[in-house]
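# Structural overview
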Amino acid sequence: MRQFALFLKGTLILTIAGLLSRFLGFFYKIFLAQALGAESMGIYQLIFPVFSVCHALTTSGIEVAISRFTAFAKREERNAYLHAGLFLSLSASLAVGLILWNQAPFIAANLLHEARCEPLLRILSAAIPLSSIHACFAGSYLGKKQTGLPAIAQLLEQAVRIGTVWLLCSIHIQQGKAITPELAVFGLLFGEAGSALFMLTFTSGAFPNIRSITKYMTKCKELLKMAIPLTGNRLSLTVLQSMEAVLIPLSLRKSGLSTADALSLYGILTGMALSFIMFPNAVTSSISAMLLPVISEEQAKGNRKNISVAIEYTLQFGLMIGILCMGIFLHFGQPLGVLFFHEQLAGEFLATLSWICPFLYLTGNLNSILHGLGKTSITFFNQLASILVRILFIVGFVPLYGIKGVLWGLLASQLLLCLLGIRAIIPYVTPTVGLDILIIKPLIALFLSIGGIDLLKRIIPALHMGMEILDLVVSICMVVVGYLVVLAGFGVWKSIRWVRGGRG
């Protein structure tokens, strides 16, 4: 039970921080979209595949390795893994940042096919080492199930990013200068700097001395044994994802759109619609971050029962959140997109993408479970298959059907990824609940809550608030409350054994 209490506390802290960060980020995206415009937003979004490749190459594998080793290391050895990981990640990130600075013109012109990305890439190169510092400390603290500092750092990063961009935009407006994507990248850079300095400040007393260098070299070798395969897998996937991101505007041009229109559509999809879809992911990603060390520790103890309960609880919670969000975006997606982004297409994309919610919110948790079990190769091949499906749709369908081909590819790939993940964890689960609890009752609760609220608003005109945004927010909140109440009436909450008395 103590193990679950730690898991729940850590998840709650990360969820609150994640929701606050996503809340700030969501309105930041609205501000950015209106300040930059759809085309400039598309240019800004093009640099993130490059950032993802750099992060995968320098940090992602080491961060996971630090978290996993810290989870079951002796207390006196935990800092050694952090210091070793920092040395490895910083060395790699400094080298990669220098390469990115020097090769920015080539990458912008020949890989991204957009020369206007060159100054953005140069600014981005300075953020890579700072990002590695933040990631290594976060991995260490999550491995120790101490989520307070990573949560604060996450919020600080977002606040500094938003504050920097707002200040720069205000200065440019006062001086009569145009607002460009470079300002948004400066915000990213200062956000990473703020979180890195915060982590370094609050852990300044835990640095190694030169006499223990041999011990840290040993820890480096241990980390590399796990990190190199993880990095190779993540890098392969990230390169394919980057190829996918570059192919979308190129394929849209082949469908008959101009460069400006293609970039605008890409900006609306990635910078507007997907920001809405990913907003609830703050809850499930918090669970995902805490799952890896918990599953690793239970596996080290040989406690298959606790692993089974943890997996089943995660699946149930993910499906409940996913089905609720699917209904909200399907029913309210059109007005949400128009109201917040003033883009009809953003609303249409939201309604179409709503179907991926149950699968999208599950896959991150499924991957963390498999990483915790040491099954990193399975997650690699599952994600590889998913990305290849999306690329196939982009190459084969987008030139013929336009942006719809991208949306179809996203739906098909998320469904495939979720099914492959479920198949991989089935041997570790002893089922205690059926499909009625997992899927059927949440779907009925969703139908009753949305239908009931719509009926109430017709019967009681006073429920219409008069203001469109207030009316929309109140309607969504009523649907959420109705959904939870109906689930409670169905006795769904009682099925969560871990909360009631599962041994943790």
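Residues numbered from 1 in each chain as written. Predicted model: local features only at pLDDT ≥ 70, side-chain atom pairs only at ≥ 80, totals over all residues. Heavy atoms only, no water.

With that settled, the discussion passes to the layout of surface pockets. Roughly 520 Å³ of volume is contained in the second largest pocket. L319, I422, L435, L438 and I439 are, among the 23 residues lining the second largest pocket, the residues nearest its centre. Residues of the lining of the second largest pocket, tallied by class, amount to 21 nonpolar, 1 polar and 1 charged. (1 Å grid on protein atoms, 1.4 Å probe; cavity = no way out; pocket = protein on both sides within 12 Å on 5 of 7 lines; lining within 4 Å. Points joined across faces, edges and corners; volume = space filled by probe spheres on them. Nonpolar A, V, L, I, M, F, W, Y, C, P; charged D, E, K, R; others polar.)

Next up on the list: unusual backbone geometry. Even without glycine at this site, H113 takes up a positive phi of about 55°. Assignment of secondary structure puts H113 in the loop between α4 (78-111) and α5 (118-143). (Helix = DSSP H or I, 4+ residues; strand = E, 2+ residues; numbered from the N terminus.)

Glancing now at helix α14 (residues 376-401). Since the α-helix advances by 3.6 residues per turn, residues separated by three or four positions end up pointing in the same direction. Helix length check: α14, at 26 residues, gives a terminal C-alpha distance of 36 Å against a target of 38 Å (1.5 Å per residue), a fit within 8%. In the structure, α14 departs most strongly from a straight axis at V395, where the bend amounts to approximately 35° and where the proline P399 lies between one and four residues downstream. Looking at the residues trailing α14, positive phi occurs at G402, about 70°. (Expected span 1.5 Å × (residues − 1). Bend = angle between axes of the 7 residues up to and from the residue.)

This part is about the packing of helix α13 (residues 357-372) against α14. Where α13 contacts α14, the axes come no closer than 7 Å and their chain directions differ by 150°. With respect to α14, the element α13 is oriented roughly antiparallel. Note on element contacts: α14 touches α13 through T376, I378, T379 and Q383, opposite N367, L370 and H371. (Axes fitted to C-alpha atoms, helices over the stretch in contact; angles between N-to-C directions. Parallel < 35°, antiparallel > 145°, perpendicular 65-115°, else oblique. Contact = heavy atoms within 4.5 Å.)

With respect to the secondary-structure elements, V309 resides in helix α11 (residues 304-341). Linking V309 and T430, residues 121 residues apart in sequence, is a C-alpha distance of 8.0 Å.

Attention now goes to the pattern of salt bridges. Scanning the model with the defined rule gives 5 salt bridges in all. Its salt-bridge partner being R122, residue E118 comes within 3.5 Å of it at the nearest N-O pair. Of this pair, E118 and R122 are both found in helix α5, 4 residues apart, which corresponds to roughly one turn of the helix. With relative accessibility at 27%, the residue E118 sits in the partly exposed group. Three or more residues joined by partner-sharing salt bridges are found here, namely E39, E114 and R116. (Salt bridge = Lys/Arg side-chain N within 4 Å of Asp/Glu carboxyl O. Buried < 20%, exposed > 50% of the residue type's maximum accessible area, 1.4 Å probe, protein only.)

Attention now goes to the side chain of S264. If you trace the backbone, S264 turns up in helix α9 (residues 259-277). For S264, a relative accessible area of 18% gives the class buried. Looking at S264, its side chain comes within polar contact range of the main-chain oxygen of A260, at 2.8 Å. Not counting the four nearest positions on each side in its chain, S264 is found in contact with A38 and E39. (Polar contact = N/O pair within 3.5 Å; in protein donor to acceptor, adjacent residues only side chain to side chain.)

Next up on the list: the packing of aromatic side chains. Pairs of aromatic rings are described using the distance from one ring centre to the other and the angle between the two planes. Tallied over the entire structure, the rule returns 7 aromatic pairs. Geometrically, the ring pair formed by Y44 and F48 is edge-to-face, given 5.0 Å between the ring centres and 85° between the ring planes. Classification of Y44 as buried rests on a relative accessible area of 2%. Residue class for F48 comes out partly exposed when judged on its relative accessible area of 23%. Relative to W408, the ring of F397 lies with its centre 6.4 Å away and its plane at 80°, an arrangement referred to as edge-to-face. (Phe/Tyr/Trp six-rings, centres within 6.5 Å; stacked < 30°, edge-to-face > 60°.)

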